[in-house]
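Here is how the chains run, residue by residue.
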Amino acid sequence: MAEGADSGDKFAPPFHDEESFKAWMASGKHGKQAPLPDDFKEPDEKELEYMKQLKALLRPEHQQTISDLMLSRFVRGYILLQFANADDKVERAAAITNLALDWYKELKFETELPDESLPRRDEFEECWPLTFPGETEDKRVVMYSMCPADLKAKFTPEEVGKFHAQDLSRLLRKKRENMEAHSKKFTGNHHVVVIDLGWEKGSVSRELIKFVKSALMHKTGAMTTQHFCPDALAAGYLINTPFWMRAVWSIAKLFLEATTATKYHVLSSDYMSTLEGAGIRPSSLPMCANGTAPNPPRLQQTVKASYGASHTLTMVVPANATTESVTWTFTATKNNCDFVITATAPGADAATEVGKGTVEESGSAVQGSAKIIPGSTVVFLLDNTKGSYSSHITYQIDLA
């Protein structure tokens, strides 16, 4: 029986678990999906009328709070796409929109989920590194995430669900700030996600996928990330993927809607040319992904400085950063290595040395910090030119 049938709530959804939700979604899909309007195109008269109709079917409190931008997202994601050929497409869109807005309200989105408010947030970030390193050439927000590690061993699905909702809230704020910075009301709201499977601590498994799915599933069977945030993704890139995953994808994408298949890209370690071709520059990727933006907070990454050579890490401190310093920790897991750290302030002609030393194998971690002007370029040179063997260095570099 549908949840709303015996609850007395006319706004309650007509589904109550994963099975009933899937059946409800399938019953509203008829025929081939039409392509959506370009993300940079303003709503036309037809879409504006659908926005008006959808708003009229929302709970009174949601009618007072929902933005035109959010209305547009649900109109495009459901009325113009998922249920485009259904006779009751507006009513169906209203059911899922009300549910999504109920969830937003329950979590007090963007008001009581500041970045550091939840217990064990630091520990979660160490297990699931994520950051917003920049934007694409066409001004879309880039979200970068690594494959999680030790998630199931350390957290419950309920905890992961709350942390993920917090990250989703951060994404929505980033997108809104981005649109305001570029004077956009509706357009360019889609974001790009880069998921890195190359982290030595993380690994993809059926067990992990099942656990994450349970964490992100709403009690009614809808997926919070997918169904409560429609028409939000411009493109997704999986990088550093194993050969078997690329082989499976080459077959699986043949069975997907063309508009869906073209959004996703499964790439090897040779991914930079594809990302740059899509407008994702090195300045919009973290250092751990061959970029120059700061890494996710508290990320520990291992790099190799070949014998007789050096390895360079370059970080550009965001011009709008509120931080005043950069901190670093180096540990040699194999053979000693010297390091030199320099910073070049915006407009400066020369770099200034801000740190140097030697990391010794099996020795204590070498830590340090330096005051840095926002907009500065900081270069971490791991110098093994005098070494006889390759050196493996685990580093953690943070803004503080």
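See the structure printed just above.
Remember, predicted model here, so these are calculated numbers, not experimental data.

This paragraph deals with the sheet that holds strand β4 (residues 233-239). Strand order in the open sheet formed by five strands is β1-β2-β3-β4-β5, with mixed pairing between adjacent strands. Of all the strands in the sheet, the pair left with one neighbour each is β1 (130-135) and β5 (264-266). In this sheet, neighbouring strand axes are inclined to one another by 20 degrees on average, regardless of whether the strands run parallel or antiparallel. Against the sheet, helix α8 (residues 157-181) contacts β1, β2 (141-146) and β3 (191-196), and its axis sits at roughly 10 degrees relative to β1.

What follows covers the packing of α8 against helix α9 (residues 206-216). Two elements in contact, α8 and α9, have axes whose closest approach is 7 Å; the angle formed by their N-to-C orientations is 70 degrees. Considered as vectors, α8 and α9 are oriented roughly perpendicular to each other. Viewed along their axes, α8 and α9 form a crossing whose handedness is right-handed. Along its contact with α8, which presents Pro157, Val160, Gly161 and His164, the element α9 presents Phe211, Ser214, Ala215 and Leu216. Looking at side-chain class alone, the contact of α8 with α9 contains five nonpolar, three polar and no charged residues.

Looking now at the pairing of strand β6 (residues 301-305). Going residue by residue along β6, you find Gln301, Val303 and Ala305 tucked away on one face and Thr302 and Lys304 left uncovered on the opposite face. Two elements, β6 and strand β13 (residues 391-399), share five bridges in a ladder whose sense is antiparallel. Paired with Gln301 across the bridge in β13 is Tyr395.

The next subject is the side chain of Gln301. Here Gln301 shows up in strand β6. Not counting residues within four places of it along the chain, the set of residues in contact with Gln301 comprises Met146, Trp199, Glu200, Cys288, Ile393, Thr394 and Tyr395.

A separate point is the sheet that holds strand β9 (residues 337-344). Taken in spatial order, the four strands of this open sheet run β7-β12-β9-β10, and their pairing is antiparallel. The open sheet has two edge strands, β7 (309-316) and β10 (352-359), and neither has a second partner. Neighbour-to-neighbour, the strand axes of the sheet open up by a mean angle of 15 degrees, direction not taken into account. Sheet topology places β9 next to strand β12 (residues 377-384); seven bridges connect them, and they run antiparallel. The residue of β12 that forms the bridge with Ile341 is Phe380.

Moving on, we come to helix α2 (residues 45-56). Between its first and last C-alpha, α2 extends 17 Å over twelve residues, near the 16 Å set by a 1.5 Å rise per residue. Against α4 (68-82) and α5 (89-106) lie the buried residues of α2. Where α2 starts, the residue carrying a side-chain oxygen 3.2 Å from the main-chain nitrogen of Lys46 turns out to be Asp44.

What counts and what doesn't
Residues numbered from 1 in each chain as written. Predicted model: local features only at pLDDT ≥ 70, side-chain atom pairs only at ≥ 80, totals over all residues. Heavy atoms only, no water. Pairing = 2+ DSSP bridges. Helix = DSSP H or I, 4+ residues; strand = E, 2+ residues; numbered from the N terminus. Axes fitted to C-alpha atoms, helices over the stretch in contact; angles between N-to-C directions. Contact = heavy atoms within 4.5 Å. Parallel < 35°, antiparallel > 145°, perpendicular 65-115°, else oblique. Left-handed = near helix turned anticlockwise from the far one by under 90°. Nonpolar A, V, L, I, M, F, W, Y, C, P; charged D, E, K, R; others polar. Buried < 20%, exposed > 50% of the residue type's maximum accessible area, 1.4 Å probe, protein only. Expected span 1.5 Å × (residues − 1). Polar contact = N/O pair within 3.5 Å; in protein donor to acceptor, adjacent residues only side chain to side chain.

It is worth stressing that arrangement in space is one thing and function is another; only the former is reported here.
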